[in-house]
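Summary of structural features
Residues per chain are reported as follows:
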Amino acid sequence: MITAYVGLGANLGDLRRTLEAALADLADLKDLSVEAVSGAWRSAPVGCEGPDYLNAVARVRTGLAPLVLLEALQAIEQRHGRERPYVNAPRTLDLDLLLYGDETLALERLTVPHPRLHQRAFVLRPLLELDPALSAPGLGDLRSHLPGVAAQAIEREDEPLRRPHGPFGPQAATLAGFP
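Figured I'd write up the structure that's included with this text. All values derive from a computational prediction rather than experimental measurement.

Under the defined criterion, the tally for this structure stands at 10 salt bridges. Of the charged contacts, one joins arginine 109 and glutamate 71 as a salt bridge, the two residues approaching to 3.4 Å between their closest N and O atoms. With a gap of 38 residues between them, arginine 109 in the loop between strand S6 (105-106) and strand S7 (111-112) and glutamate 71 in helix H2 (residues 66-79) connect regions that are remote in the sequence. In this structure arginine 109 comes out as partly exposed when scored by relative accessible area, which is 45%.

Quick look at the structure:
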């Protein structure tokens, strides 16, 4: 089993409900368990226009190969109405494979670590909330990249993301035997 990190984001529709449903879908995947989920973070779009995003990061343990996991993430996006009319279009759901163990991949359909994870506060802040000492291949200690994203507008919401039987998150994972 590999520890991987999945970024979640949405800026169209009922953002909170979409992320919660996507997390439940993720937890239902065979050969994958959700270990912990960051808080929900509201952020302004980066490199595009549109409404604010709601973002989170999930730490998962999986036996799925990277491309199989990517296909599963894209299938979840499709179930939630994801369309790709143009690059950086607003979206009902965006799921990104951010890290896959200590692997570095540069495939036509997938690059891991995610090529811009160190340039996005909406990725770095939730990642470091889950694992403050996290390092990534080729990027080193992810905390060292925080000054580069300090000007990006982002705010942590007080209410955690929830699942049908309680909140997602590191404490819920520990206390409730999540998932």
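What follows deals with the packing of helix H1 (residues 15-27) against H2. One can describe the packing of H1 onto H2 by two numbers: an axis separation of 10 Å at closest approach and a directional angle of 140°. Taken as axis vectors, H1 and H2 run oblique relative to one another. The handedness of the crossing between H1 and H2 comes out as right-handed. Contacts between H1 and H2 pair Ala22, Asp25 and Leu26 from the former with Leu73, Ile76 and Arg79 from the latter. The residue makeup of the contact of H1 with H2, split by class, is 4 nonpolar, no polar and 2 charged.

Here we come to the side chain of threonine 62. When you line up the elements, threonine 62 lands in strand S4 (residues 53-62). At 2.9 Å, the side chain of threonine 62 forms a polar contact with the backbone nitrogen of leucine 64. Excluding its chain neighbours within four sequence positions, the residues that come into contact with threonine 62 are Met1, Ile2, Ala4, Asp31, Leu32, Leu69 and Tyr100.

This part takes up unusual backbone geometry. For the bond from valine 112 to proline 113, the omega torsion is -5°, close enough to zero to count as cis. The backbone of aspartate 31 shows a phi angle near 70°, a positive value even though the residue is not glycine. For aspartate 31, the position within the fold is in the loop between H1 and strand S2 (32-37). Judged by relative accessible area, which is 43%, aspartate 31 ranks as partly exposed.

Moving on, we get to H1. Taking 1.5 Å of rise per residue, 13 residues should cover 18 Å, and H1 covers 18 Å from first to last C-alpha, within 8% of that figure. Of all the residues in H1, the buried ones are Leu15, Arg16, Thr18, Leu19, Glu20, Ala22, Leu23, Asp25 and Leu26. Next to the buried residues of H1 lie strand S1 (2-10), S2, strand S3 (41-43), S4, H2 and strand S11 (162-163).

On to the pairing of S4, then. Counting buried positions along S4 gives 9 out of 10 residues, so the element sits mostly inside the fold. Sheet analysis places S1 next to S4, joined by 9 bridges and oriented antiparallel. Looking at the pairing, glycine 9 lines up with asparagine 55 of S4. Pairing analysis gives 5 bridges linking S2 to S4, with the strands arranged antiparallel. Following the sheet pairing, valine 37 is matched in S4 by alanine 58.

Rules of the game
Residues numbered from 1 in each chain as written. Predicted model: local features only at pLDDT ≥ 70, side-chain atom pairs only at ≥ 80, totals over all residues. Heavy atoms only, no water. Salt bridge = Lys/Arg side-chain N within 4 Å of Asp/Glu carboxyl O. Helix = DSSP H or I, 4+ residues; strand = E, 2+ residues; numbered from the N terminus. Buried < 20%, exposed > 50% of the residue type's maximum accessible area, 1.4 Å probe, protein only. Axes fitted to C-alpha atoms, helices over the stretch in contact; angles between N-to-C directions. Parallel < 35°, antiparallel > 145°, perpendicular 65-115°, else oblique. Left-handed = near helix turned anticlockwise from the far one by under 90°. Contact = heavy atoms within 4.5 Å. Nonpolar A, V, L, I, M, F, W, Y, C, P; charged D, E, K, R; others polar. Polar contact = N/O pair within 3.5 Å; in protein donor to acceptor, adjacent residues only side chain to side chain. Expected span 1.5 Å × (residues − 1). Pairing = 2+ DSSP bridges.

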